[in-house]
Amino acid sequence: MTERRAVLSGSTFEEQIGYARAVVDGDRVYVSGTTGFDYAAMTISADVVEQAEQCLKNIEAALSEAGCTFGDVVRVRYLLPERDDFEPCWPVLRRRFGEVRPAATMMVCGLSDPRMKIEIEVDARRRR
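Residues numbered from 1 in each chain as written. Predicted model: local features only at pLDDT ≥ 70, side-chain atom pairs only at ≥ 80, totals over all residues. Heavy atoms only, no water.

Trainee: Honestly, the pattern of salt bridges in this entry has me stumped. Any pointers?
Mentor: For the coordinates displayed, the defined rule picks out 11 salt bridges. Across the pair Glu3 and Arg5 runs a salt bridge, and its minimum N-O distance is 3.0 Å. Residue classification places Glu3 among the partly exposed residues on the basis of a relative accessible area of 35%. Taking the relative accessible area as the measure of exposure, Arg5 reaches 29% and is therefore partly exposed. The residue Asp27 makes a salt bridge to Arg28 at a minimum N-O spacing of 3.7 Å. Accessibility expressed as a relative area gives 34% for Arg28, which makes it partly exposed. A network of salt bridges, in which partner residues are shared, links Glu3, Arg5 and Arg126. (Salt bridge = Lys/Arg side-chain N within 4 Å of Asp/Glu carboxyl O. Buried < 20%, exposed > 50% of the residue type's maximum accessible area, 1.4 Å probe, protein only.)

Pasting the structure below:
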């Protein structure tokens, strides 16, 4: 039987909404859309680049708990309310994904909290 387990970050959103930060399903890892909140303090920077950095820290923690690294990421989705906020984030994103080169999509859309300027979602494949 395929292993399936939830990875929780401790975010109050996970409990309030009813989802997991990530789901491990066999060798696949699906990380939910992750924002720039510092989940320990439930604070968020007003700066989009700082939010992108925090998103990646949050994702890294979920990937680590799932037995992965950024090197295992095969797909990334970037969601931003403002198109012009994407390019300033490129250097931060390139540091994590530049060597990995996952398939990527950027979408302009509303996010659930007006303080959120970027949300990042990744899919990874665990190496055995």
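That covers the picture; the talk isn't over yet.
Trainee: Help me understand the packing of helix H2 (residues 48–65) against helix H3 (residues 86–97), please; the structure alone is not making it clear to me.
Mentor: For any two helices packed against each other, one specifies the inter-axial angle together with the distance between the axes. Running from N to C, H2 and H3 cross one another at 20°; their axes reach a closest spacing of 8 Å. Relative to H3, H2 is oriented roughly parallel. Crossing geometry of H2 relative to H3 is assigned as right-handed. Contacts between H2 and H3 involve Val48, Val49, Ala52, Glu53, Leu56 and Glu60 on the former and, on the latter, Pro88, Cys89, Val92, Leu93, Arg95, Arg96 and Phe97. Classifying every residue of the contact of H2 with H3 by side-chain character gives 9 nonpolar, no polar and 4 charged. (Axes fitted to C-alpha atoms, helices over the stretch in contact; angles between N-to-C directions. Helix = DSSP H or I, 4+ residues; strand = E, 2+ residues; numbered from the N terminus. Parallel < 35°, antiparallel > 145°, perpendicular 65-115°, else oblique. Left-handed = near helix turned anticlockwise from the far one by under 90°. Contact = heavy atoms within 4.5 Å. Nonpolar A, V, L, I, M, F, W, Y, C, P; charged D, E, K, R; others polar.)

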